[in-house]
Amino acid sequence: MIKISLFLFKNGGNGMKKYKTSMYNIEIGKMNDDETIIYNSYSGAVALLDAKTYADLLSVNEASDYLENLLLQGFLVPFSVDEYQRIMMYHNSYIYNECPDKMQFTIAPTLGCPLDCYYCFEKNRPNYIMSENTATKICNYIISALSRNKNLKKLHITWFGGEPLVGKSRLFEMGREIYNYCKEHKIIYTAKILTNGILLDEELLNDLVEDHIITAIQFTLDGNVDDFVNVKRGTKEQYEKLINNIIVSSDRLETYVRLNVTRQNHDKLIQQVKYILTKIKNKKNIVFYAMPVVNYTSQEEEIKEGEMVLFREELKKILIAHKIERYHVTSSPRTTAAFCGAMRLCNLTFGPHGEMYRCENLIGNDKWIIGNVDEGRFFNQEDVLLPESKIYTECQKCSYLPICWAGCPVHRVIYKKKFDCESFKKQAVKGLINKLHGLDANFDLC
């Protein structure tokens, strides 16, 4: 969630110029003829500037009464600072820090799944379930990595698949061992399972929570029952079970619902969200977020980012109307050191044979294996390709770089997908405006 500091700066003066405006300043809009809202994507600060102070900022008037605040919030920087190199140092220190205070691992006990989504990047992968021996080696590898990190305070595990509950025995074995280690060493343990929901029931959910295997759960919704049958090759009964599990889970733990959006299903998704919201009891636990469907066979998105912006706006209005307070990070800008944690050297994804990958979206593709639990990490070209990938020249000069990092490196580098910059910028500005509306009921742009 973006950290917002809202300041009102007025008045100014003149003087010699020793500073420059930050390349990461973004004008959000005007409150009226005299006041402008400006956002800095590097510092995360937001300021409301009167016309004089805004002019002082643009002209770098060092006699301004608010020079110190403008510098403190990052709207002005010393002339000698190379802002791009500064953020790249921040980026690289994040990626190559082997002892951060938080580590995360993704584990796929199996690539098997009882459904058959046409867009799945794991289609036609073997339905192999991880062996007990491999599960033990993965646990040993993770615990060894944790023990070497003296700065560690938090660990996060993502249970992935296929459908991870197909391999639930391994999931429970590994989860218990890793949780017990964290408990003994006073490390905060969190874990989320990504599931299609059809193998889950209340008894199993209770076991997953009580045994500390998960602290959060994510379901996927592709529309209504007809979409479920056509897209996932499931049954009506399975769909009803999925919806019921979303409702039941939200009463027990943090529950995410990923909405897979296409041009064909977006209206039906909205209706399903409305229905679910009328049934859930604990609205503090539920988080809906929308993502475009990417067909990994054709490598094409089935809805454009501009259309996704409109869908997310409609979704947010519904959530607000139902007094849902939590929104996914895609709804508002936030400064980050990299596109995602998968770029960090210390974080890994494990496949069912104990093979290692940089990112969960590469599981099952032998070309992108970067190690295994028997031989360790290979430190091969595939390992460094994503974190070392070059930022586009135009992105290096962009004011939005600290909040987007040119999009997902897997999409950009491996699948050669062009990032939709303009739609992202519009979404970021809208998200920030919505955030400001939440801080001030009288806030309104002209």
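Because the structure is a prediction, the values reported are computed rather than measured.

### Comments concerning the packing of helix α9 (residues 266-279) against helix α10 (residues 305-321)
Step number 1: Orientation of α9 relative to α10, taken along the N-to-C sense of each, is 15°, at an axis distance of 11 Å. Relative to α10, α9 is oriented roughly parallel. In the packing of α9 onto α10, the handedness of the crossing is right-handed. In contact with His266, Leu269, Ile270, Val273, Lys274 and Leu277 of α9, α10 contributes Phe311, Glu314, Leu315, Ile318 and Leu319.
Step number 2: For the contact of α9 with α10, the per-class residue count stands at eight nonpolar, one polar and two charged.

### Re the sheet that holds strand β15 (residues 348-350)
Step number 1: Spatial strand order, β12-β11-β10-β9-β8-β7-β15-β16-β17-β18: ten strands in an open sheet with mixed pairing. With partners counted over all chains shown, the strands left at the sheet margins are β12 (286-292) and β18 (376-377), one partner each.
Step number 2: When strand β17 (residues 369-372) meets β18, the two strands line up antiparallel, connected through two bridges. When the sheet's bridge partners are listed, Asn372 is paired in β18 with Gly376.

### Some thoughts on the pattern of salt bridges
Step number 1: According to the stated counting rule, one finds twelve salt bridges in the structure shown.
Step number 2: Between Asp211 and Arg176 there is a salt bridge, with its nearest N and O atoms 2.8 Å apart. A residue pair is termed long-range when its members are at least 10 positions apart, and Asp211 in the loop between α6 (202-210) and β10 (216-221) and Arg176 in helix α5 (residues 168-184) qualify at 35 residues.
Step number 3: We note a salt bridge from Asp227 to Lys268, for which the minimum N-O separation is 3.1 Å. Of this pair, Asp227 sits in helix α7 (residues 225-232) while Lys268 sits in helix α9, placing them 41 residues apart in sequence.
Step number 4: Residues participating in the shared-partner salt-bridge network are Arg358, Arg377 and Asp383.

### Some details on a negative patch on the surface
Step number 1: Residues Asp201, Glu202, Glu203 and Asp207 make up a contiguous surface patch of negative charge.
Step number 2: Position of Glu203 relative to the elements: it lies in helix α6.
Step number 3: For Glu203, a relative accessible area of 61% gives the class exposed.

### Here we look at unusual backbone geometry
Negative phi characterises most residues that are not glycine, and trans characterises most peptide bonds.
Step number 1: That bond from Gly161 to Gly162 is cis: its omega, 20°, falls within 30 degrees of zero.
Step number 2: Position of Gly162 among the secondary structure elements: in the loop between β8 (154-159) and α5.
Step number 3: In this model, Lys186 sits at a positive phi of 55°, which is unusual for a non-glycine residue.
Step number 4: Phi at Phe379 is positive, roughly 55°, even though this residue is not glycine.
Step number 5: Looking at the element boundaries, Phe379 is found in the loop between β18 and α11 (381-385).
Step number 6: Given the relative accessible area of 59%, Phe379 is considered exposed.

### Details of the pairing of β12
Step number 1: With respect to burial, β12 is a largely interior element, six of its seven residues being buried.
Step number 2: Across seven bridges, strand β11 (residues 254-261) lies against β12 in parallel orientation. Bridging across to β12, Tyr256 finds its partner in Val287.
Step number 3: A crossover links β11 with its parallel partner β12, the connecting element being α9, and its sense is right-handed.

### As for the packing of aromatic side chains
Any aromatic ring pair is given by two values, namely how distant the centres are and how the planes are angled relative to each other.
Step number 1: Under the criterion given, the structure shown has seven aromatic pairs.
Step number 2: Joined through ring pairs, the aromatic side chains of Phe105, Tyr141 and Phe350 make up one cluster.
Step number 3: It is Arg412 that lies over the ring of Tyr392; its NZ or CZ is 5.7 Å from the centre.

### Regarding a nonpolar patch on the surface
Step number 1: Where nonpolar side chains cluster on the molecular surface, the patch consists of Ile129, Val166 and Leu199 and spans about 190 Å² of accessible area.
Step number 2: Mapped onto the elements, Ile129 comes out in the loop between β7 (102-107) and α4 (132-148).
Step number 3: The class of Ile129 is partly exposed, set by a relative accessible area of 37%.

### A closer look at the environment of Leu111
Step number 1: By secondary structure assignment, the location of Leu111 is in the loop between β7 and α4.
Step number 2: Each C-alpha atom, one on Leu111 and one on Val166, is 8.6 Å from the other, the two residues being 55 residues apart in sequence.
Step number 3: Aside from chain neighbours lying at most four places away, what touches Leu111 is Glu122, Arg125, Pro126, Asn127, Tyr128, Gly161, Gly162, Pro352, Ile363 and Gly364.

### Here's the deal with the environment of Gln238
Step number 1: By the element assignment, Gln238 lies in helix α8 (residues 236-249).
Step number 2: Separated by 123 residues in the primary sequence, Gln238 and Leu115 place their C-alpha atoms 10.0 Å from one another.
Step number 3: Non-local contacts of Gln238, meaning those with residues more than four positions away in its chain, are made with Leu115, Ile198 and Phe228.

### Considerations on the confidence of the model for the protein chain
Step number 1: Model confidence for the protein chain is summarised by a mean pLDDT of 89, while 91% of its residues fall at 70 or above.
Step number 2: Within the model, the stretch residues 10-15 combines pLDDT values under 50 with 26 contacts to residues more than four positions away or in other chains.

About the thresholds
Residues numbered from 1 in each chain as written. Predicted model: local features only at pLDDT ≥ 70, side-chain atom pairs only at ≥ 80, totals over all residues. Heavy atoms only, no water. Axes fitted to C-alpha atoms, helices over the stretch in contact; angles between N-to-C directions. Helix = DSSP H or I, 4+ residues; strand = E, 2+ residues; numbered from the N terminus. Parallel < 35°, antiparallel > 145°, perpendicular 65-115°, else oblique. Left-handed = near helix turned anticlockwise from the far one by under 90°. Contact = heavy atoms within 4.5 Å. Nonpolar A, V, L, I, M, F, W, Y, C, P; charged D, E, K, R; others polar. Pairing = 2+ DSSP bridges. Salt bridge = Lys/Arg side-chain N within 4 Å of Asp/Glu carboxyl O. Patch = residues over 30% accessible without salt bridge, like charges linked within 9 Å, V, L, I, M, F, W, Y side chains within 5 Å. Areas by Shrake-Rupley, 256 points an atom, 1.4 Å probe, with all protein chains shown as cover. Lys, Arg positive; Asp, Glu negative; His and termini not counted. Charge placed at Lys NZ, Arg CZ, Asp CG, Glu CD. Buried < 20%, exposed > 50% of the residue type's maximum accessible area, 1.4 Å probe, protein only. Right-handed = clockwise from strand over helix to strand, strands pointing away. Phe/Tyr/Trp six-rings, centres within 6.5 Å; stacked < 30°, edge-to-face > 60°. Lys NZ or Arg CZ within 6 Å of the ring centre and 35° of its normal. pLDDT = per-residue confidence, 0-100.

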